[in-house]
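# Notes for the structure review
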Amino acid sequence: MLERDISAADARRLLSRPDGDDCASERGPCGWTRRQFLQTIGMGLVGGAAVGSIAPAALGFDLPEAWAGTPLAPNDGVLINIVLFGGNDGLNTVVPYTNGTYYDRRGALAIAPGSVLPLDATWGLHPNLSYLKALWDIGWVGVIHGVGYPNPDLSHFTSMATWMHGSFGGGPPSSGWAGRWLDGQPAASAEMAVATIGWSVPLHLQGITRRGLGIPPNGDLFGAGSATYEQRLYNGMKQFSAAPAGRGQWHDMFATVLKSQLNVAAEVSPIFAPEPTGADFAQQMTIAARLVNANLGFRVVDLSLDGFDNHDGQPADHSALLSALDSGLAAFYRTLAPYWRNRVTIATMSEFGRTVYSNESQGTDHGTSSVQFVIGQMVRGGHYGSAPSLALPNRWDRLPHTVDFRNVLGTTLDGWLGGGASSILNGAYENLGFFHAGPGEPPPNNSVPPIIGTANAPTEFVSLTPLRVFDTRNGTGGRLGPLGANETWPFIFRGQFGVPADAVAVAINLTAVGASTPTFVTAWPSGQARPDTSNLNPVPGMAVPNLAVIRLGDTGGVNFFNFAGTVNLLADIVGYFREGTSVGLLPLTPARLLDTRNGTGGVLGRLGPGQTLDVMVAGNGGVSTDPQAVALNVTITGPTATSFLTVWPSGSSRPNTSSVNMVAGQTVPNMVISMVGANGKVSVFNAFGYTDVIVDVLGCFATEETGRYVALAPARVLDTRAGVGAPLARIGRTPLKVTLLGRGGVPADGVTGVLMNVTAVAPTADTFVTVYPGDSERPTASNLNLTTGQVAPNMVLARVGPDGTVMIYHNGGVVDLIADVVGYFTAD
């Protein structure tokens, strides 16, 4: 007898064919591995051995008659079915953010009202579902509340089997709803109509007479090899399977299957080139979209996302899973050809929800009803069903269902897959009416899904008036309180703060304040593994700013990680990058535009408290005469009080933001990207005390410039402490030549400049660091200014020399240097 607390993974394995646990890593259609294929040949079947006692199960799969893909008719719908295995927490997915009972019951597990992505005045999405929110905004998402079934079971196995079976009738779940639909399809189109992207075929894709295909996520099907010896092997096998050989039924049966295996591999394998990018689920969704685009006859494509059984550690785990789901949706619509938009619907399912109350392990336990999504151009966006009351009399009471999941299946089968729902489900169902019309019909409007930029796509810069987007000291942005040790905090930019749904990267001024111990902070695209890089190196008693240009994850967000102690973070957005060609960048050899110490730029003397000065940038230092924005390195030195500088376009109102933060006596540089005023100037404001100000220009953004920015995940290209990119040795005053082209994701040619975070570690004397093009004269400019023993980072826009290198000059003593590349600018 199965234990009631069987794991979700074991339940899924037992409800799939073949078993999957002892399978090799390379599977073919229907879960056939290369090893099993060769072992079966070794049994003597091909040679006509005595096989009267061998059943089809010996081959590891059911026997198809043919594999040739049949293109779909114009009104054939395609269903992308996503199973969230483990029991998804519907309350933290679609959040009742105005419901006090939710916050009373969930405690620290609840999603804060300021963090949700509001759908209306009652409901909001988890903050990691920003792409799904964008689809909601164009009317493509149906949210079905209270989905479950009568007399629910809290066992993964039993509940999973019930959902997969999808029948109103009793009896053991020996077949699944999609498999029984497949049983009723014409023979000419049935064999490639249903597939799962995985190693085994789950119960819901198994019919009584047919079952779906299993397509390995890595595409390594037997029969797909392109090497000469492999093609020779495949062609030979096809020849001896071309006609009956007079050796009996089993010989002919196996020969037919062998040929079928080779044929399907030949048809499906091109889908996997080029290799999809992103995390695992995003890659699978990319493959699903390619299968649709190829029009091989697939009507149901099944995928799974595992790990939703969050009994503990739910805040991090559930957030990561929803990020993966959101990234997958973005990858799917980025890949799907426009022709298919009104012919594809995406639906989610999960075996149950979670308890209303959180447990003592920062998790939730097995529940009953939950939410489902239906997504697509022909979906009538909005809410369906009714959410059950959260005011349960007892702590461990479960939520009753208000919508039977078979009503969702029936509406989909009849409204999207051609009918037969009552027979397939063995009973009548209630049509929920979430389709505008059938597949292929004219869409209700001309809305299109946001297409999030592909990796390595050239982008243009759109400058913004600086805006504070979060400050953990006062709760701006939804978080009140510092980041703790080893804590990762996700933050969504896309769709907020003037950042559109198609933004690829953001430029923010990131500042760390109030660090309790020396630490480092890393920012990177959400949905990706944390890189071995840093953006800030805070120390107690100092405010540490740095410009960060960060590629957005497919969820539209950025993760922020703090290594040790506690630290507050604040960020001001100054612009974003999106795919386009209207505004390009010209990287420049650094040139000094202002130095109040010696009168460069027309201002001699310190900037006083509450004072503002203007810096002419248009036409100076190589800048265009009509720039949209400029990249500057702004340095303060000798301040008499704790203060901050703000840089913004001249002629507009000063924003409530900071560009450089300082304490008395400190020298602090920071790279700044600023929109340029109509008069060709930027303004610089000092809040308190007196300070000298130095401004060096690094590049300009203008319509006549051709360089486009390509955002990368951060990658370390230099670390003299470890011998990365240079010998393992501290650097003296001799300039260090660093090769950037062909490293860290930067191409080997066609690059004019590289954006990188440069950190200087523990100089033995007060010093400054200058980065400039390889094989050129060192300019009178600086990128970092340090005191003895300090660790300080700064973003650097480095123009590369003709040989693809930059020079890094250090003025005094010896120092270790680190450089993390975050993007590059194209030559045209």
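What counts, and where the lines are drawn
Residues numbered from 1 in each chain as written. Predicted model: local features only at pLDDT ≥ 70, side-chain atom pairs only at ≥ 80, totals over all residues. Heavy atoms only, no water. Core = buried A, V, L, I, M, F, W, Y, C linked by side-chain atoms within 4.5 Å. Buried < 20%, exposed > 50% of the residue type's maximum accessible area, 1.4 Å probe, protein only. Contact = heavy atoms within 4.5 Å. pLDDT = per-residue confidence, 0-100. Phe/Tyr/Trp six-rings, centres within 6.5 Å; stacked < 30°, edge-to-face > 60°. Lys NZ or Arg CZ within 6 Å of the ring centre and 35° of its normal. Pairing = 2+ DSSP bridges. Helix = DSSP H or I, 4+ residues; strand = E, 2+ residues; numbered from the N terminus. Polar contact = N/O pair within 3.5 Å; in protein donor to acceptor, adjacent residues only side chain to side chain. Axes fitted to C-alpha atoms, helices over the stretch in contact; angles between N-to-C directions. Parallel < 35°, antiparallel > 145°, perpendicular 65-115°, else oblique. Nonpolar A, V, L, I, M, F, W, Y, C, P; charged D, E, K, R; others polar. Left-handed = near helix turned anticlockwise from the far one by under 90°.

The next point concerns the nonpolar core. Formed by 50 residues in total, the largest nonpolar core has its most connected members in I80, M285, F298, F332, Y333, I346 and I375. Setting aside residues up to four positions removed in sequence, I80 forms contacts with M285, V292, V301, L303, F332, V344, T345, I346 and A347. Residues A8, V403, L413 and F434 belong to the second largest nonpolar core, which totals 45 residues.

With that settled, the discussion passes to the confidence of the model for the protein chain. Close reading of the predicted structure is inappropriate where its pLDDT is low. Across the protein chain, pLDDT averages 85, with 85% of residues at or above 70. Contacts for the low-pLDDT stretch residues 19-68, under 50 throughout, to residues beyond four places or in other chains number 114 contacts.

Turning our attention to the packing of aromatic side chains. The description of two aromatic rings rests on the distance between their centres and on the angle between their planes. What the rule picks out here adds up to 27 aromatic pairs. Pairing F332 with Y333 gives two aromatic rings, centres 5.3 Å apart and planes at 85 degrees, and the pair type is edge-to-face. A cation over a ring is seen here: R530 above F561, with NZ or CZ 3.7 Å from the ring centre. A cation over an aromatic ring shows up here: R654 above the ring of F685, its NZ or CZ 3.7 Å from the ring centre.

The next thing to look at is the sheet that holds strand β3 (residues 94-95). Overall, antiparallel pairing links the three strands, which are arranged β3-β5-β4 in an open sheet. Only two strands of the sheet have a single partner each, and these edge strands are β3 and β4 (117-118). Two strands pair when backbone bridges link them, and β3 and strand β5 (residues 124-125) are joined in this way by two bridges, in the antiparallel orientation. Its bridge partner being in β5, V95 is matched across the sheet by G124.

This brings us to helix α5 (residues 156-165). Since the α-helix advances by 3.6 residues per turn, residues separated by three or four positions end up pointing in the same direction. Counted residue by residue, α5 has seven buried out of 10 residues, so it is predominantly covered. For α5, the complete set of buried residues consists of H156, S159, M160, A161, W163, M164 and H165. Sitting at the amino-terminal end of α5 is S155, which places a side-chain oxygen 3.2 Å from the backbone nitrogen of F157.

On to the sheet that holds strand β18 (residues 521-525), then. The antiparallel open sheet is built from three strands, whose spatial order is β16-β20-β18. A single partner strand is all that each edge strand has here, and the edge strands are β16 (487-492) and β18. When strand polarity is set aside, the average angle formed by the axes of neighbouring strands in this sheet is 20 degrees. Pairing analysis gives five bridges linking β18 to strand β20 (residues 557-562), with the strands arranged antiparallel. The residue of β20 that forms the bridge with A523 is F560.

Right, let's get into the packing of helix α4 (residues 130-137) against helix α11 (residues 314-335). Close contact between α4 and α11 brings their axes to 7 Å; oriented N to C, the two are set at 55 degrees. Classed by the angle they form, the pair α4 and α11 counts as oblique. Judged by residue contacts, S130, Y131, L132 and L135 of α4 engage D326, L329, A330 and Y333 from α11. The residue makeup of the contact of α4 with α11, split by class, is six nonpolar, one polar and one charged.

Orientation of helix α10 (residues 280-294) relative to α11, taken along the N-to-C sense of each, is 30 degrees, at an axis distance of 8 Å. With respect to α11, the element α10 is oriented roughly parallel. Note that α10 runs across α11; the crossing there is right-handed. On α11, the residues that touch F281, A282, M285, T286, A288, A289, R290 and N293 of α10 are A324, L325, S327, G328, L329, A331, F332 and T335.

Looking at where T411 falls in the secondary structure, it is placed in helix α12 (residues 405-416). Sequence separation of T411 and G433 is 22 residues, and the distance between their C-alpha atoms is 6.9 Å. In this view, T411 contacts W416, Y429, E430, N431, L432, G433, F434 and F435; residues no more than four positions away in its chain are not counted.

With that settled, the discussion passes to the environment of A282. By the element assignment, A282 lies in helix α10. For A282 and F332, which are 50 residues apart along the polypeptide, the C-alpha to C-alpha distance reads 7.5 Å. Contacts of A282, omitting those with residues within four sequence positions, involve S327, G328 and A331.

This next bit is on unusual backbone geometry. A positive phi angle, close to 50 degrees, is found at N151, a residue other than glycine. Here N151 is to be found in the loop between β6 (141-148) and α5. With relative accessibility at 73%, the residue N151 sits in the exposed group. Of note, A762 is a non-glycine position whose phi angle comes to about 50 degrees, a positive value. Relative to the helices and strands, A762 is located in the loop between β32 (751-761) and β33 (767-773).

Before going further, it helps to examine the pairing of strand β2 (residues 78-85). Taken across its eight residues, β2 has eight buried, putting it largely inside the fold. Residues V78, I80, I82 and L84 of β2 are buried on one face, and the alternating residues L79, N81, V83 and F85, pointing to the opposite face, are buried as well. As paired strands, β2 and strand β11 (residues 344-349) are joined by six bridges and run parallel to one another. Within β11, the residue paired with N81 across the bridge is A347. Bridge count between β2 and strand β10 (residues 300-306): seven bridges; the pairing is parallel. For L79, the partnering residue across the bridge sits in β10 and is V300.

Our focus in this paragraph is the pairing of strand β22 (residues 584-595). By the criterion of burial, β22 is predominantly enclosed, with nine of the 12 residues buried. With eight bridges connecting them, β22 and strand β29 (residues 692-702) associate as antiparallel partners. Bridge pairing in β29 links R592 to D696.

A word on the side chain of N342. Along the polypeptide, N342 turns up in the loop between α11 and β11. At a separation of 2.9 Å, a polar atom in the side chain of N342 contacts the main-chain carbonyl oxygen of E441. Setting aside anything within four residues of it in sequence, one finds N342 in contact with Q377, M378, W416, P439, G440, E441 and P443.

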